Amino acid sequence: MTTHLPGPFSLVPFVSVDDMMKLVIDIGVEQMLSELADEIENDFRRWELFDKTPRVAAHSEQGVIELMPTSDGEAYGFKYVNGHPGNTHSGRQTVTAFGVLADVANGYPLLLSEMTLLTALRTAATSAMVAKHLMPKGAKTMAMIGNGAQSEFQSLAFKAVCGITRVQMYDIDAKATAKAMRNLKNSGLEVVACKTPEDAVHGAEIITTCTADKQYATILTDNMVGAGVHINAIGGDCPGKTELHRDILLRSDIFVEFPEQTRIEGEIQQLDPDHPVTEMWQVINGQAAGRTSDRQITLFDSVGFATEDFSALRYVREQLKTRPYFTNLDLLADPDDPRDLFGMVMRKQAKMAAE
Ligand code: NAD
């Protein structure tokens, strides 16, 4: 296969936001969401191989900045990501991110990429991949509460991976719902704007909560959740930031990515530290039960884990072998003699003086 990736190892491919948009458009958003879901699922299957740690978080009054590292022994990845619920008031995104993939054998970066779009894609792909294992059979309708930046990606991932056909949308800000309705107009989904969260969950077999507020919020109350639904709770992903009433948690079977991180950041921070949860990698590998009855409430307490970003970065790098959506960055010093770093500067100085 011909590859577009750089030969000299001092050059690092960089995927800008513009490049990422071109990649998404070229592959097709639903196709990319499905392929990402497969990549993420494959890495959940080899979960035990990964070096895992709860992300490193720097909290402030306004939000959080986090670093999310992991490695499978061959490649290493990390993401820088923020979460600032007040940002949209000043025209900024709530969540922005970028990330690096590197070669464990020599430590050299293999890829530097924007990850704001990639986070939305990988979060949606993870949600849908998990729902495929837990949702009630034949689910067709999803409630989408919180119609911000993530919401269209979530809706399309559930269409592509889980086969849903209808989305019932609700947001406290009607402008957000109108935006999502516009964006999903030609998606093939039946999209309905709802005036209340109760209307949104009515008749839905899957409920996705994807709101942003830096507090213990109650997006869903206990009486809104009927038997048999699958809840995909995305927005509670920080200490002091949750979306579900505690009583819902007590009625649900709870599935998580990495318990050590979810107990700090997820909905389950509201529960005792030893409240039983099931790890998704075990369900995927057939080592733990997923949904076992029609009346069971399954809850994916999503916070976002480093392996999902790792899978996404590796997927993007693989795509760049056949698609030219990157620029080469002169990121790494490459003197002729590796030990003559200083001499490299002197030669540059001489060259500049001669010019
Ligand atoms: P966003 O700010 O673009 O959208 C959030 C939306 O929630 C806004 O439209 C807001 O009006 C709405 N909202 C706030 N309170 C509400 C309420 N009580 N009822 C209904 N709607 C309400 O944010 P985003 O980028 O879409 O992210 C949404 C959430 O998902 C954030 O909390 C973010 O931290 C989280 N997130 C989680 C993951 C993960 O892996 N779990 C990944 C990315 C983002």
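Definitions and limits used
Residues numbered from 1 in each chain as written. Predicted model: local features only at pLDDT ≥ 70, side-chain atom pairs only at ≥ 80, totals over all residues. Heavy atoms only, no water. Near = heavy atom within 4 Å. Polar contact = N/O pair within 3.5 Å; in protein donor to acceptor, adjacent residues only side chain to side chain. Areas by Shrake-Rupley, 256 points an atom, 1.4 Å probe, with all protein chains shown as cover. Nonpolar A, V, L, I, M, F, W, Y, C, P; charged D, E, K, R; others polar. Patch = residues over 30% accessible without salt bridge, like charges linked within 9 Å, V, L, I, M, F, W, Y side chains within 5 Å. Salt bridge = Lys/Arg side-chain N within 4 Å of Asp/Glu carboxyl O. Helix = DSSP H or I, 4+ residues; strand = E, 2+ residues; numbered from the N terminus. Buried < 20%, exposed > 50% of the residue type's maximum accessible area, 1.4 Å probe, protein only. Pairing = 2+ DSSP bridges. Contact = heavy atoms within 4.5 Å. Right-handed = clockwise from strand over helix to strand, strands pointing away.

A. Expanded view of the site of the ligand. The full set close to the ligand counts 26 residues, and Thr-94, Asp-171, Thr-211, Asp-237 and Lys-241 are the nearest of them. A distance of 2.9 Å separates an oxygen atom of the ligand from a polar side-chain atom of Gln-150. Contacts to the ligand include Thr-211, whose backbone N or O atom sits 2.8 Å from an oxygen atom. Burial of the ligand by the protein amounts to 88% of the accessible area it has alone, namely 860 Å². Considering only residue class, the shell around the ligand consists of 11 nonpolar, 10 polar and five charged.

B. Expanded view of a nonpolar patch on the surface. A cluster of nonpolar side chains, contributed by Val-17, Met-21 and Ile-25, occupies part of the molecular surface with about 300 Å² of accessible area. For Val-17, the position within the fold is in helix 1 (residues 17-27). Val-17 gets classed as partly exposed once you look at its relative accessible area, which sits at 42%.

C. Fine view of the pairing of strand 1 (residues 11-15). Sheet analysis places strand 1 next to strand 17 (residues 327-330), joined by four bridges and oriented antiparallel. Looking at the pairing, Pro-13 lines up with Asn-328 of strand 17. In the sheet, strand 1 pairs with strand 6 (residues 109-114) via two bridges, with the strands oriented parallel. Bridging from a neighbouring strand, Val-15 pairs with Ser-113 of strand 6.

D. Region of interest: the side chain of Thr-298. The topology assignment puts Thr-298 in strand 16 (residues 297-301). Since its relative accessible area comes to 0%, Thr-298 is described here as buried. Among the polar contacts listed, one links the side chain of Thr-298 to the backbone oxygen of Leu-134, at a separation of 3.5 Å. Only 3.0 Å separates the side chain of Thr-298 from the side chain of Arg-291, close enough to count as a polar contact. Each residue touching Thr-298, except ones within four places of it in the same chain, is listed here: Leu-134, Val-229, His-230, Ile-231, Asp-253, Phe-255 and Arg-291.

E. Broad picture of the pairing of strand 7 (residues 141-145). Of all five residues that make up strand 7, five are buried, and the element is covered over most of its length. Burial of strand 7 is two-sided: the residues Thr-141, Ala-143 and Ile-145 facing one way and the residues Met-142 and Met-144 facing the other way are all buried. The sheet contact formed by strand 7 and strand 8 (residues 166-170) spans five bridges and is parallel. When the sheet's bridge partners are listed, Thr-141 is paired in strand 8 with Arg-166. Between the parallel pair strand 7 and strand 8, the chain is carried across by helix 4 (residues 151-162), and the sense of this crossover is right-handed. Alignment of strand 7 against strand 10 (residues 206-209), held across four bridges, turns out to be parallel. Looking at strand 10, one finds that Ala-143 is bridged to Ile-207.

F. Highlighting the pattern of salt bridges. Under the definition given, this model contains 20 salt bridges. Measuring nitrogen to oxygen at the nearest pair gives 3.2 Å for the salt bridge that ties Lys-22 to Asp-18. Residue Lys-22 and its partner Asp-18 are located together in helix 1, separated by four residues, close to a single helical turn. Sharing partners across several salt bridges, the network here consists of Asp-43, Arg-46, Asp-72 and Arg-314.

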